[in-house]
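Below are the chains, spelled out letter by letter.
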Amino acid sequence: MKGQSRFDFNQAAAVYDEWFTTSMGRYYDLVEKRAINRVLKNISGKKLLEIGCGTGHWSKYFSAHGFSVVGVDISFEMLKRTLRKRIPKAEFVQCDACHLSLRDNMFDIAVLITTIEFIEMPHIAIKEAVRCLKKPGGCLMVCTLNAESKLNKRRLAKNEVPYHKASMLSTKNLKYLLTPYGKPTIYTCAFSFNPTRPIPVIDPIFDSVAKTFKLQSGDIIIGEVKL
Ligand SMILES: C[S@@+](CC[C@H](N)C(=O)[O-])C[C@H]1O[C@@H](n2cnc3c(N)ncnc32)[C@H](O)[C@@H]1O
């Protein structure tokens, strides 16, 4: 399918899920889940749209948390891995985030997890997500790699695949993207000093301190807006 991704994830699909089994992958997964759970607990309805669902790692998580999930992705190979997981209460569609083949006002929450930075026209993808959300009350959540974190700057400088193709956002950029649709809440997390050797007991303390002092340089940004 011809589409608008900055990186062709078809070539990464076979090994993509291995990331979640590395110590770094486990650490980021934990941090993201903590942040995402805070958003999920305020969602009253159960219809969730995941844009850029990849291999279904998160769709499986959302389904296990009681959501009925529609996942979309532009990559056929990534979706093939998702379908093999036979995720309950979930259906998947191959389409471009900028042209969702879905009806208006259908979902209680739309999420993009480390996806917006790989979409060629992020503002169009956000507009499409908003179109599909219920109004008023729908929630849009974007979880993305922070352009201002040391780790991500290093990844870009080293031309690391697939990060080298990502157009990473800062907290300011994300706020700018979401503001047309409401008043966004934006914060960063993942402040581990050494994500290759995370210390699960201590790292959450760094995140809480960083949140209190509104530090902007965590590796991950979470942005949320209620319509
Ligand atoms: C880094 S992966 C993240 C996958 C998943 N959200 C996760 O966290 O495991 C980015 C995903 O976004 C998808 N993607 C990139 N551009 C897209 C677009 N224009 N429309 C739909 N999906 C897109 C890619 O195919 C890939 O599966």
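This report concerns the structure included in the present document. Keep in mind that this is a model prediction, so the values were computed, not measured.

A separate point is the pairing of strand β5 (residues 139–145). Along β5, 7 of the 7 residues are buried, which leaves the element largely enclosed by surrounding structure. Of the two faces of β5, the one holding C139, M141, C143 and L145 and the one holding L140, V142 and T144 are both buried throughout. Sheet topology note: the strand β4 (residues 109–113)/β5 ladder contains 5 bridges and is parallel. Counted as the bridge partner of I113 is C143 from β5. Crossover β4 to β5 through helix α5 (residues 122–132) is right-handed. Two strands pair when backbone bridges link them, and β5 and strand β7 (residues 220–226) are joined in this way by 7 bridges, in the antiparallel orientation. Looking across to β7, one finds that C143 is bridged to I222.

Spatially, β3-β2-β1-β4-β5-β7-β6 is the arrangement adopted by the 7 strands of the open sheet, whose pairing is mixed. Because the sheet does not close on itself, it has two edges, and the strands there are β3 (90–94) and β6 (185–189). Across the sheet, the mean angle from the axis of one strand to that of its neighbour is 15°, orientation sign disregarded.

So, about the environment of D96. As for its placement among the helices and strands, D96 is situated in the loop between β3 and β4. Here the alpha-carbon distance between D96 and I119, two residues 23 residues apart in the chain, equals 9.0 Å.

Quick look at the nonpolar core now. L48, I51, A110, A129, L140, C143 and I220 are the most contacted members of the largest nonpolar core, which totals 58 residues. With near-sequence residues (within four places) excluded, A110 lies in contact with L49, I51, A129, C132, L133 and L140.

What follows covers helix α3 (residues 57–64). Three or four residues apart is the spacing at which side chains of an α-helix point the same way, because the helix has 3.6 residues per turn. Those residues of α3 not exposed but buried are W58, S59, Y61, F62 and S63. Elements in contact with the buried residues of α3: β1 (47–51), β2 (68–73), α4 (76–84), β3 and β4. Note on α3: the residue one or two positions beyond its end, G66, has a positive phi of about 90°.

A separate point is unusual backbone geometry. Cis geometry is found at the peptide bond from K135 to P136, where omega equals -5°. V161 connects to P162 through a cis peptide bond whose omega is -5°. As for its placement among the helices and strands, P162 is situated in the loop between α6 (150–157) and α7 (171–178). We note that A190 has phi near 70°; this positive angle belongs to a residue other than glycine. Judged by the 27 C-beta atoms lying within 10 Å of it, A190 is buried. Positioned with a positive phi, K214 is a non-glycine residue whose angle comes to about 50°. Given 10 C-beta atoms within 10 Å, K214 falls into the exposed group.

About the criteria used
Residues numbered from 1 in each chain as written. Predicted model: local features only at pLDDT ≥ 70, side-chain atom pairs only at ≥ 80, totals over all residues. Buried ≥ 20, exposed ≤ 12 C-beta atoms within 10 Å, placed from the backbone. Helix = DSSP H or I, 4+ residues; strand = E, 2+ residues; numbered from the N terminus. Pairing = 2+ DSSP bridges. Right-handed = clockwise from strand over helix to strand, strands pointing away. Axes fitted to C-alpha atoms, helices over the stretch in contact; angles between N-to-C directions. Core = buried A, V, L, I, M, F, W, Y, C linked by C-beta atoms within 7 Å. Contact = placed C-beta atoms within 7 Å.

Fair warning: the whole summary comes from geometry, so function is off the table for now.
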